[in-house]
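The primary structure of each chain is shown beneath.
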Amino acid sequence: MNVLFVEDEAKIANFVRAGLKEQGFVVDYCDNGDEGYLRALDNEYDAIVLDIMVPGKDGLSILKQLRQKGRNAPVILLTARNELDDRLSGLNLGADDYIAKPFFVEELAARIHAVVRRSVGVRGATPSEYRQNLLAVGQLKLDRITREVTCNQQAIELTSREFNLLEYLMRSPGRVFTRTQILEHVWGYDFNPNTNVVDVCIQRIRKKIDPIDEAGWIESIRGVGYRFRKPEPQS
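The rules we used
Residues numbered from 1 in each chain as written. Predicted model: local features only at pLDDT ≥ 70, side-chain atom pairs only at ≥ 80, totals over all residues. Heavy atoms only, no water. Helix = DSSP H or I, 4+ residues; strand = E, 2+ residues; numbered from the N terminus. Contact = heavy atoms within 4.5 Å. Areas by Shrake-Rupley, 256 points an atom, 1.4 Å probe, with all protein chains shown as cover. Axes fitted to C-alpha atoms, helices over the stretch in contact; angles between N-to-C directions. Parallel < 35°, antiparallel > 145°, perpendicular 65-115°, else oblique. Left-handed = near helix turned anticlockwise from the far one by under 90°. Nonpolar A, V, L, I, M, F, W, Y, C, P; charged D, E, K, R; others polar. Phe/Tyr/Trp six-rings, centres within 6.5 Å; stacked < 30°, edge-to-face > 60°. Buried < 20%, exposed > 50% of the residue type's maximum accessible area, 1.4 Å probe, protein only. Pairing = 2+ DSSP bridges.

A. Here's a closer look at the overall build of the protein chain. If you tally the helices and strands in the protein chain, you get nine helices and twelve strands. Across the protein chain, the fraction of contacts at a sequence separation of at least 24, relative to all contacts at a separation of at least 6, is 56%. About 12,500 Å² of surface is accessible on the protein chain, with carbon and sulfur atoms providing 48% of the total.

Below, the structure written as structure tokens:
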């Protein structure tokens, strides 16, 4: 899942980012409300974890304006304060959940999964809601909620990193991503840009998928990076 995390306390931010990434989340992080608001407008996230007290736009203002703009991504409010008025204000503005500091990352991860399940109605989803979380090209299918991948109806066992990389490419068929872009999105902005981990991870994904489906969906773009090939239009 792609999560936007807005938090200005560096120690908490680093701890939460590391914990969520270990559990397979792709975390887009910023430390102020103004940037967080713009990112939430410009990108589609599965969930937003939003500290109420951040520099720039405060969390409640961000939440209010996002809902006014029709942005319906689930929002979990995060704050050191635990007064009833804060909880009620956030929930009345359209927050999906509320968690007070200090907290366990495992609890936050569980709450993210819960609000996402509720938002897409996994158990009673309409076909259009379900398709938003099911990426399918040819016989290759990736479920963003259950994190299951199948090809020709055979289960493909991927690591969390492999899953995140495949999802990143599948979400934009035909678009070329540089190795740096992939590193920043899947591994994090502070990862060594000179490493070959992207190439190694791509090779592992191919070894698991290509023997089942010879379509060769992941293409290498010489000197640039990789892209997920667009399927041929059906006649």
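B. Summary view of the packing of helix H2 (residues 33–42) against helix H3 (residues 59–68). Axis separation between H2 and H3 bottoms out at 10 Å; the angle between their running directions is 20°. Regarding the angle of H2 to H3, the classification is roughly parallel. Our pair here, H2 against H3, has a crossing hand that is right-handed. Here H2 contributes Gly33, Tyr37, Ala40 and Leu41 to the contact with H3, which in turn contributes Ile62, Gln65 and Leu66. Of the residues that constitute the contact of H2 with H3, the class distribution is five nonpolar, two polar and no charged.

C. View of the packing of aromatic side chains. Per the stated rule, a full pass over the model turns up three aromatic pairs. Geometrically, the ring pair formed by Trp217 and Phe228 is stacked, given 5.7 Å between the ring centres and 10° between the ring planes. One end of the pair, Trp217, is in the loop between helix H9 (197–209) and strand E11 (218–221); the other, Phe228, is in strand E12 (residues 225–228), and eleven residues separate them in sequence. When its relative accessible area of 9% is taken as the criterion, Trp217 is described as buried.

D. Fine view of the pairing of strand E6 (residues 134–137). Burial along E6 is one-sided: the residues Leu135 and Val137 are buried and none of Leu134 and Ala136 is. Here E6 runs beside strand E7 (residues 140–143); their pairing, made up of four bridges, is antiparallel. Residue pairing across strands places Leu134 opposite Asp143, the latter belonging to E7. Linkage of E6 to E7, two consecutive antiparallel strands, is achieved through a turn of two residues, within which Gly138 is found at a positive phi near 60°.

E. Geometry of the sheet that holds strand E9 (residues 154–156). Judged by pairing direction, the sheet is antiparallel, and its four strands sit side by side in the order E6-E7-E8-E9 without closing on themselves. Every interior strand has two partners, whereas the edge strands, E6 and E9, have only one. Sheet twist, expressed as the mean angle between neighbouring strand axes with direction ignored, is 20°. With three bridges joining them, strand E8 (residues 148–151) and E9 adopt antiparallel strand pairing. Its bridge partner lying in E9, Val149 is registered against Ile156. Docked against the sheet, helix H7 (residues 160–170) engages E6, E7 and E8, running at close to 110° with respect to E7.

F. Highlighting the sheet that holds E11. The antiparallel open sheet is built from three strands, whose spatial order is E10-E12-E11. Each edge of the sheet is formed by a strand with only one pairing partner; in this case those strands are strand E10 (176–178) and E11. Strand-to-strand, the axes of this sheet are offset by a mean angle of 30°, without reference to chain direction. For E11 and E12, the ladder comprises four bridges, and the chain directions are antiparallel. Pairing of Ile221 across the sheet is with Gly225, part of E12. Along the sheet, H7 makes contact with E10, E11 and E12, crossing E12 at roughly 70°. Where helix H8 (residues 179–187) meets the sheet, it contacts E10 and E12, and its direction lies at approximately 80° from that of E10.

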